[in-house]
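Listed below are the residues making up each chain.
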Amino acid sequence: MQQYQHIRQAAYEANMQLPALGLVIFTFGNVSAADRGLGVFAIKPSGVPYAELSPEKMVIVDFDGKTVEGQLRPSSDTLTHAVLYKHWEDIGGIVHTHSTYATAWAQSQRDIPIYGTTHADHNTIDIPCAPPMHDDMIAGDYEYQTGFQIINTLVERGLSYKEIEMILVGNHAPFTWGATPAKAVYNSAVLESVAQMAYLTESINGNAPRLKDALIKKHFERKHGPNSYYGQ
């Protein structure tokens with residue numbers, strides 16, 4: 001158990017951030033933490049309330065979705081996480097929630113338009129919404145296919161998982177990822193905030209214009225560009 005303690009602890013701490021940030025209720029949502037060297041990830045057990053979680057209850061799974069260590073069943077979304085880890089070599093954490101505003105956009109099957117500078121601080125494009133899954137995929141290994149639903153959407157749009165670290169799955173809910181579990185949780189909170197702002201923007205002005213390209217470039221590059229100056 002000791003060789004996996006670091007990812008168990010990371011997954012536990014990241015999962016506990018979800019209710020603290022208002023991103024989940026009851027047992028909705030999950031976070032995983034990967035160790036690339038060991039070829040495994042730790043993920044929240046299925047159906048266990050957040051108040052009852054502990055690092056020891058995190059389940060260790062390989063990148064094929066098979067349980068390596070743990071007494072509990074891993075999250076029902078485990079195969080989605082496994083597919084993403086197996087195909088995207090530079091991510092170390094994945095988050096899935098059913099946060100209210102991001103999920104509402106997913107249920108509406110709409111990308112989240114880039115309306116303001118908060119959005120541009122993190123992305124230069126609309127946040128994509130993957131189209132609803134085909135019936136044959138739904139009838140098959142649903143959670144496994146969800147991973148490919150996400151991957152295929154980025155490929156079809158010519159996007160890199162390194163370029164955008166969040167997506168809506170049509171009729172379902174959001175997924176985010178990052179180099180670490182903490183970054184994936186950060187992205188999940190940002191996505192929910194941007195989704196709420198976009199909804200309110202359209203409620204106030206149904207014809208609100210997309211953010212100007214010059215402002216998109218300025219805000220993204222001041223935080224992420226080669227001459228960035230935002231933050232310490």
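Since this is a predicted model, take the numbers as computed values, not measurements.

**A few points about a nonpolar patch on the surface**
- On the surface, Ile-25, Phe-26 and Phe-28 cluster together into a nonpolar patch covering about 350 Å² of accessible area.
- Here Phe-26 is to be found in the loop between helix H1 (5–20) and strand E1 (30–35).

**Quick look at helix H2 (residues 78–87)**
- The element H2 is extensively covered by neighbouring structure, given that seven of its 10 residues are classed as buried.
- All of the buried residues in H2 are Thr-78, Thr-80, His-81, Ala-82, Val-83, Leu-84 and Tyr-85.
- Structurally, H2 contributes buried residues whose contacts are with E1, strand E2 (40–43), strand E3 (59–62), strand E5 (93–96), helix H6 (142–156) and strand E8 (174–178).

**Examining the pattern of salt bridges**
- The full count for this structure, using the stated rule, is nine salt bridges.
- Here Arg-8 makes a salt bridge to Glu-69, at a shortest N to O gap of 3.0 Å. Here Arg-8 is found in helix H1, whereas its partner Glu-69 is found in strand E4 (residues 67–69), with 61 residues between them in sequence.
- Among the residues examined, Arg-8 registers a relative accessible area of 1% and is labelled buried.
- The class for Glu-69 is partly exposed, based on a relative accessible area of 25%.
- The shortest N-O distance in the salt bridge between Asp-213 and Arg-210 comes to 3.6 Å.
- Relative accessible area serves as the criterion here: at 59%, Asp-213 is assigned to the exposed category.
- For Arg-210, a relative accessible area of 41% translates into the label partly exposed.
- Here the salt bridges do not stand alone but share partners, grouping Asp-126, Arg-210 and Asp-213 into one network.

**Some remarks on the pairing of E5**
- Here E5 shows a buried face lined by Gly-93 and Val-95 and a second buried face lined by Ile-94 and His-96.
- Pairing between E1 and E5: four bridges, direction antiparallel. Bridge pairing in E5 places Ser-32 opposite Ile-94.
- Inspection of the sheet shows E5 paired to E8 by four bridges, in the antiparallel sense. Counterpart to Val-95 in the pairing with E8 is Thr-176.

**Things to note about H1**
- Taking 1.5 Å per residue as the helical rise, H1 with its 16 residues ought to reach 22 Å, and the 23 Å between its terminal C-alpha atoms agrees with that figure.
- Looking one or two residues beyond H1, the residue adopting positive phi is Gly-22, at roughly 75°.

**A word on the environment of Tyr-230**
- Within the element layout of this structure, Tyr-230 appears in the segment after helix H8 (213–224).
- When near neighbours in sequence (up to four residues on either side) are disregarded, Tyr-230 contacts Arg-222 and Lys-223.

**Regarding the nonpolar core**
- The biggest cluster of nonpolar side chains holds 41 residues, and the ones touching the most others in it are Trp-88, Ile-112 and Trp-177.
- For this core, the leading source of residues is helix H7 (residues 181–204), giving five residues.
- In this structure Ile-112 touches Trp-105, His-119, Asp-126, Ile-127, Leu-168, Leu-191, Val-194, Ala-195 and Ala-198, once residues within four positions along its chain are discounted.
- Among the nonpolar cores identified, the runner-up in size contains 19 residues, and Ala-11, Ala-42, Met-58 and Ala-184 belong to it.

Criteria and cut-off values
- Residues numbered from 1 in each chain as written.
- Predicted model: local features only at pLDDT ≥ 70, side-chain atom pairs only at ≥ 80, totals over all residues.
- Heavy atoms only, no water.
- Patch = residues over 30% accessible without salt bridge, like charges linked within 9 Å, V, L, I, M, F, W, Y side chains within 5 Å.
- Areas by Shrake-Rupley, 256 points an atom, 1.4 Å probe, with all protein chains shown as cover.
- Salt bridge = Lys/Arg side-chain N within 4 Å of Asp/Glu carboxyl O.
- Helix = DSSP H or I, 4+ residues; strand = E, 2+ residues; numbered from the N terminus.
- Buried < 20%, exposed > 50% of the residue type's maximum accessible area, 1.4 Å probe, protein only.
- Contact = heavy atoms within 4.5 Å.
- Pairing = 2+ DSSP bridges.
- Expected span 1.5 Å × (residues − 1).
- Core = buried A, V, L, I, M, F, W, Y, C linked by side-chain atoms within 4.5 Å.

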